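Now for the letters of each chain:
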Amino acid sequence: MAKSSIIQREKKRAVLVLKHSHKRKALKEKLKTSGISTEEAAVLRKKLQKLPLNSSPTRQRNRCALTGRPRGVYRKFTLGRSKLRKAAMRGDIPGLTKASW
């Protein structure tokens, strides 16, 4: 089980990403326009840098919904590999069975 402070930090990052996504997207769209001068681009980059670091979506980490484990997490189920296997064995996930041949 991951520390609860780490899990809360990830939740805070998710909120910040949602909060600043429109602003970040608008600034990046303006930077991509071809008819922009270098001075204007520098100002836009400064504004982009002023946004909180944790508002960047690349800083988010996928974590298991049950344990908070950061590695081996399946996106479709938001479960770590060990918890996913146990849930599949119990039959909690419809349509998911253990492969055997």
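About the criteria used
Residues numbered from 1 in each chain as written. Predicted model: local features only at pLDDT ≥ 70, side-chain atom pairs only at ≥ 80, totals over all residues. Heavy atoms only, no water. Helix = DSSP H or I, 4+ residues; strand = E, 2+ residues; numbered from the N terminus. Buried < 20%, exposed > 50% of the residue type's maximum accessible area, 1.4 Å probe, protein only. Contact = heavy atoms within 4.5 Å. Polar contact = N/O pair within 3.5 Å; in protein donor to acceptor, adjacent residues only side chain to side chain. Salt bridge = Lys/Arg side-chain N within 4 Å of Asp/Glu carboxyl O. Expected span 1.5 Å × (residues − 1). Arc of directions from axis to C-beta.

Caption draft 1: Quick peek at the environment of L16. Secondary-structure assignment places L16 in helix 1 (residues 4-32). Residue L16 is classed as buried on the basis of its relative accessible area of 18%. L16 sits 74 residues away from R90 along the chain, and the two C-alpha atoms are 36 Å apart. If sequence neighbours within four positions are ignored, L16 has contacts with N54 and S55.

Caption draft 2: View of the side chain of S56. Along the chain, the position of S56 falls in the loop between helix 2 (38-50) and strand 1 (73-74). Overall, the relative accessible area of 15% leaves S56 in the buried class. In terms of polar contacts, S56 uses its side chain to reach the side chain of T58, at 3.0 Å.

Caption draft 3: Fine view of the pattern of salt bridges. Evaluation of the coordinates by the stated rule reveals 2 salt bridges. A salt bridge links E10 to R13; its shortest N-O distance comes to 2.8 Å. Highlighted residues: E10 and R13, both in helix 1, separated by 3 residues, approximately one helical turn. Of the two residues examined, E10 and R13, each falls in the buried class.

Caption draft 4: Molecular detail of helix 2. Over its 13 residues, helix 2 extends 18 Å from the first C-alpha to the last, a length consistent with the 18 Å expected when each residue adds 1.5 Å. Here helix 2 has its buried residues at A41, L44 and L48. In a view along the axis of helix 2, the buried residues occupy a sector of 65°, so they form one face of it. Across from the buried face of helix 2, at angles greater than 90 degrees, the exposed residues are E39, K46, Q49 and K50.

In short, geometric facts, not functional conclusions.
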